Amino acid sequence: MFCKNCGNPVEDGATYCQACGSVIAPSEVHTQTSGTPRKPDEGIIENFFKPHGRLNRMRFIKRSFALAGLAFLCFFCLFSVFDQPEQFEGLSMAIAFFFQIANYCIAARRLEDLGYGPGAARLILIVGILSLPIDDEHVLRILSYGQSTFWLYCAIKKGTAGKNQYGEDPLQQGASS
């Protein structure tokens, strides 16, 4: 059971939330029980463009590397087809935006596994999209360090054990991939 005010776990039969102190009536408690096992993500949309649902560390790492590899191939093809970088600037921005959205979705799902809400993921998306047109090498280096630190945090930090306010534990659901 989870507090509707702050989203933290609440013991069964509790009358107030120990995290935020709000009074809890039995009708105000949000319980997430699905009763049915989670089916594995299938297809590109569910694997890379679904913004909700918990994603464990291994799936996050695999999907991150898959996106990085695909992005490398796309940009390698652009560089080999066009002679001048100015010729594909718009196309490269569109491709970067496409991969930024996919990265946002897997980061949002990973953050839900860590117990953070969608606000944290939206911040990551906004920073990522705002960084696309930046040309200043110093600013890009700082953003790159920040993104790398965030990725390492998501890859290393263990997710919330058991169910949380965003769903069942992906490790206990027996779903593969």
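Shown above is the structure to which this text applies.
The sections below set out a description of the structure shown in this document. The shown structure was predicted, so the numbers you read here are calculated from the model rather than taken from an experiment.

A word on the nonpolar core
Grouped burial of nonpolar side chains is what soluble globular proteins tend to show.
Part 1 of the argument: Counting 22 residues, the largest nonpolar core has Phe 60, Leu 67, Tyr 104, Leu 111 and Cys 154 as its most contacted members.
Part 2 of the argument: For this core, the secondary-structure elements that each account for two or more residues are α2 (57-81), α3 (89-113), α4 (118-131) and α5 (137-156).
Part 3 of the argument: Considering every element that reaches this core, the biggest residue donor is α3, with 9 residues.
Part 4 of the argument: Those residues in contact with Phe 60, other than ones at most four positions away along the chain, are Leu 55, Ile 106, Ala 107, Arg 110, Trp 151, Cys 154 and Ala 155.

Some points on the state of the cysteines
Part 1 of the argument: Per the stated rule, a full pass over the model turns up 0 disulfides.
Part 2 of the argument: In this structure Cys 77 is a free cysteine whose sulfur lies 6.8 Å from that of Cys 74, the closest cysteine sulfur available.
Part 3 of the argument: On the basis of relative accessible area, Cys 77 is assigned to the partly exposed category, the value being 44%.

Remarks on the side chain of Glu 112
Part 1 of the argument: For Glu 112, the position within the fold is in helix α3.
Part 2 of the argument: Although Glu 112 lies buried, it forms no salt bridge, and the closest oppositely charged side chain, Arg 109, sits 6.4 Å away as judged by the N-O distance.
Part 3 of the argument: Once you skip the residues sitting within four places of it in the chain, Glu 112 turns out to touch Pro 51, His 52, Gly 53, Arg 54, Asn 164 and Tyr 166.

Concerning the layout of surface pockets
Part 1 of the argument: For the largest pocket, the calculated volume is near 1,000 Å³.
Part 2 of the argument: Forming the walls of the largest pocket are 33 residues, and the residues nearest its centre are Gln 100, Asn 103, Gly 128, Ser 131 and Gln 147.
Part 3 of the argument: Of all elements in the fold, only α2, α3, α4 and α5 reach the threshold of two or more residues within the lining of the largest pocket.
Part 4 of the argument: Looking at the lining of the largest pocket, the element that brings in the most residues is α3, giving 9 residues.
Part 5 of the argument: Residues of the lining of the largest pocket, tallied by class, amount to 22 nonpolar, 9 polar and 2 charged.

The rules behind the values
Residues numbered from 1 in each chain as written. Predicted model: local features only at pLDDT ≥ 70, side-chain atom pairs only at ≥ 80, totals over all residues. Heavy atoms only, no water. Core = buried A, V, L, I, M, F, W, Y, C linked by side-chain atoms within 4.5 Å. Buried < 20%, exposed > 50% of the residue type's maximum accessible area, 1.4 Å probe, protein only. Helix = DSSP H or I, 4+ residues; strand = E, 2+ residues; numbered from the N terminus. Contact = heavy atoms within 4.5 Å. Disulfide = S-S within 2.5 Å. Lys, Arg positive; Asp, Glu negative; His and termini not counted. Salt bridge = Lys/Arg side-chain N within 4 Å of Asp/Glu carboxyl O. 1 Å grid on protein atoms, 1.4 Å probe; cavity = no way out; pocket = protein on both sides within 12 Å on 5 of 7 lines; lining within 4 Å. Points joined across faces, edges and corners; volume = space filled by probe spheres on them. Nonpolar A, V, L, I, M, F, W, Y, C, P; charged D, E, K, R; others polar.

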